[in-house]
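Residue-level structural notes
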Amino acid sequence: MTNDRLAVGDKAPDFTFNSPWEERLSFSDLVNKSRILLFFLRYIGCPLCQMKISELIWDLDKFENRDVKIMVVLQSKPDVIAQQTDKEKMPLTVVCDPDEEIFKLFKVKIGSIFQYVTPGVVHKAMQARKKGFEHGKFEGKEKQLPAVFLLNTDMLLAYVYYGKNVGDIPRNTDLLQIIQGN
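Residues numbered from 1 in each chain as written. Predicted model: local features only at pLDDT ≥ 70, side-chain atom pairs only at ≥ 80, totals over all residues. Heavy atoms only, no water.

1. Points about a nonpolar patch on the surface
Formally: Only residues whose relative accessible area exceeds 30% and that form no salt bridge are eligible for patches; like-charged ones are grouped when within 9 Å, while nonpolar side chains (Val, Leu, Ile, Met, Phe, Trp, Tyr) are grouped when within 5 Å. Computed with a 1.4 Å probe, the accessible areas rest on the Shrake-Rupley method; for each residue, only the protein chains presented here act as cover. Any Lys or Arg side-chain nitrogen located within 4 Å of an Asp or Glu carboxyl oxygen qualifies as a salt bridge. Working definition: helices are DSSP H or I runs of at least four residues, strands are E runs of at least two. Numbering for both runs from the N terminus. Each residue is placed in one exposure class: buried if its accessible area under a 1.4 Å probe, protein chains only, is under 20% of its type's maximum, exposed if it is over 50%, and partly exposed if it falls in between.
A contiguous nonpolar patch, built from V117, V122 and M126 and spanning about 270 Å² of accessible area, is present on the exposed surface. When you line up the elements, V122 lands in helix 6 (residues 119-130). In this structure V122 comes out as partly exposed when scored by relative accessible area, which is 40%.

2. Considering the pattern of salt bridges
Between side chains of opposite charge, a pair can form when the charged atoms approach closely. The full count for this structure, using the stated rule, is 7 salt bridges. Notably, a salt bridge pairs E134 with R129, separated by 3.5 Å at the nearest N-O pair. Note that D174 is salt-bridged to R171, the shortest N-O span being 3.0 Å. Taking relative accessible area as the criterion, D174 reaches 28% and is therefore assigned partly exposed.

3. Focus: helix 2 (residues 47-58)
Defined as follows: Expected helix span is taken as 1.5 Å per residue step, with the number of steps being one fewer than the number of residues. Any two residues whose heavy atoms approach within 4.5 Å are treated as being in contact.
Here helix 2 spans 16 Å end to end across 12 residues, near enough to the 16 Å set by a 1.5 Å rise per residue. Turning to helix 2, its buried residues number three or more, namely P47, L48, C49, Q50, M51, K52, I53 and L56. For helix 2, the secondary structure elements touched by its buried residues are strand 3 (35-40), helix 3 (60-64), strand 4 (68-74), helix 6 and helix 7 (172-181).

4. Concerning the sheet that holds strand 5 (residues 93-96)
Applicable threshold: Strand pairing follows a simple DSSP-based rule, namely that at least 2 bridges must link the two strands. Where helices are involved, their axes are fitted lines through C-alpha atoms of the stretch in contact, as for all axes, and angles between N-to-C directions lie from 0 to 180°.
Read from one edge to the other, the open sheet built from 5 strands follows the order 5-4-3-6-7, with strand pairing classed as mixed. If you trace the sheet from one side to the other, it starts and ends with strand 5 and strand 7 (157-162), each paired once. Within the sheet, the average angular offset between the axes of one strand and its neighbour, ignoring direction, is 15°. Contacting strand 3 and strand 4, helix 2 crosses the sheet at an angle of about 165° to strand 4. Contacts from helix 7 reach strand 3, strand 4, strand 6 (147-151) and strand 7, with the element oriented near 145° to strand 3.

5. Things to note about the pairing of strand 4
In summary, the side chains of a regular strand alternate between the two faces of the sheet. Of all the 7 residues making up strand 4, 6 are buried; the element is thus mostly covered by neighbouring parts of the structure. Examined bridge by bridge, strand 3 and strand 4 share 6 bridges and lie parallel to one another. Directly across from F39, in strand 4, lies its bridge partner V72. With 4 bridges joining them, strand 4 and strand 5 adopt parallel strand pairing.

6. Quick look at the nonpolar core
The cut-off we apply is this: To qualify as a nonpolar core, a set must consist of buried Ala, Val, Leu, Ile, Met, Phe, Trp, Tyr and Cys residues joined through side-chain atoms within 4.5 Å.
Of all hydrophobic cores here, the largest spans 34 residues; its most connected members are L37, F39, I70 and V72. Beyond its immediate stretch of four places on either side in the chain, L37 contacts F63, V68, K69, I70, M71, V148, F149, L150, L175 and I179. Of all hydrophobic cores here, the second largest spans 23 residues; its members include A12, V31, V95 and M155.

7. Digging into the side chain of S76
Rule in force here: Contacts described as polar in this section are N or O atom pairs within 3.5 Å, which, within protein, must combine one atom able to donate a hydrogen with one able to accept it, while residues neighboring in sequence count only if both atoms come from side chains.
Along the chain, S76 falls in the loop between strand 4 and helix 4 (78-84). We classify S76 as buried; its relative accessible area is 0%. Here I44 takes part through its backbone nitrogen, which lies 2.9 Å from a polar atom of the side chain of S76. A polar side-chain atom of S76 sits 2.7 Å from a polar atom in the side chain of E139. Other than its neighbours up to four places away in sequence, S76 contacts R42, Y43, I44, I81, C96, D97, P98 and E139.

8. Description of empty space enclosed by the protein
Which entries qualify depends on this criterion: Definitions used throughout: a 1 Å grid over protein atoms alone; a cavity as a set of points that fits a 1.4 Å probe which cannot get out; a pocket as an open set with protein on both sides within 12 Å along at least five of seven lines; a lining residue as one with an atom within 4 Å of a point. Grid points are joined across faces, edges and corners, and a volume is the space filled by probe spheres set on the points. Residues are grouped as follows: nonpolar covers Ala, Val, Leu, Ile, Met, Phe, Trp, Tyr, Cys and Pro; charged covers Asp, Glu, Lys and Arg; every other residue, Gly included, is treated as polar.
Summed over all chains, the structure comprises 1 cavity of 30 Å³ or more. Taken as a whole, the largest cavity spans an internal volume of roughly 50 Å³. Together, L41, R42, C46, L48, C49, Q144, L145, P146, V166 and I169 line the largest cavity. Counted by class, the lining of the largest cavity contains 8 nonpolar, 1 polar and 1 charged residues.

9. Notes on the pairing of strand 3
Burial within strand 3 is extensive, with 6 of its 6 residues counted as buried. Of the two faces of strand 3, the one lined by R35, L37 and F39 and the one lined by I36, L38 and F40 are each fully buried. Pairing analysis gives 5 bridges linking strand 3 to strand 6, with the strands arranged antiparallel. Within strand 6, the residue paired with F39 across the bridge is V148.

This is the structure we're talking about:
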């Protein structure tokens, strides 16, 4: 484990978390049952995050067919998410981290203004808008960078990706290929 980032082969930190529908869940208990693809996004009101979550739900069966469960860490409070959706419409495991403690454990950084307003981010925001994703309640850090980790059942990181800007999240097709190789 380097000082500023986690790397492939590192043991992932363990934590306890609340979801919008359950409390005091153990991350290691979930990992011990299945490989996990862990996404760090901003918050549920973020249109880019809503679009990525929608894409993950759309491809959920493709991930599950490869014995991979999806977890999404958001800076949202459980009640904010529970007011907007229910568990049946959100079949992913949602980790609520309003104090950003889990973001810090996984060394997911906050970016600069130059990583927030980029042509790529603006393009993704326009795509999200066209697809009907509207900005909701502001929570967390607007310049929070995303990250993605693939964990094996032994809690070891098999894939690590730290986003270069707020919209830099690997495509599902790329992630499915990476999973196939691990």
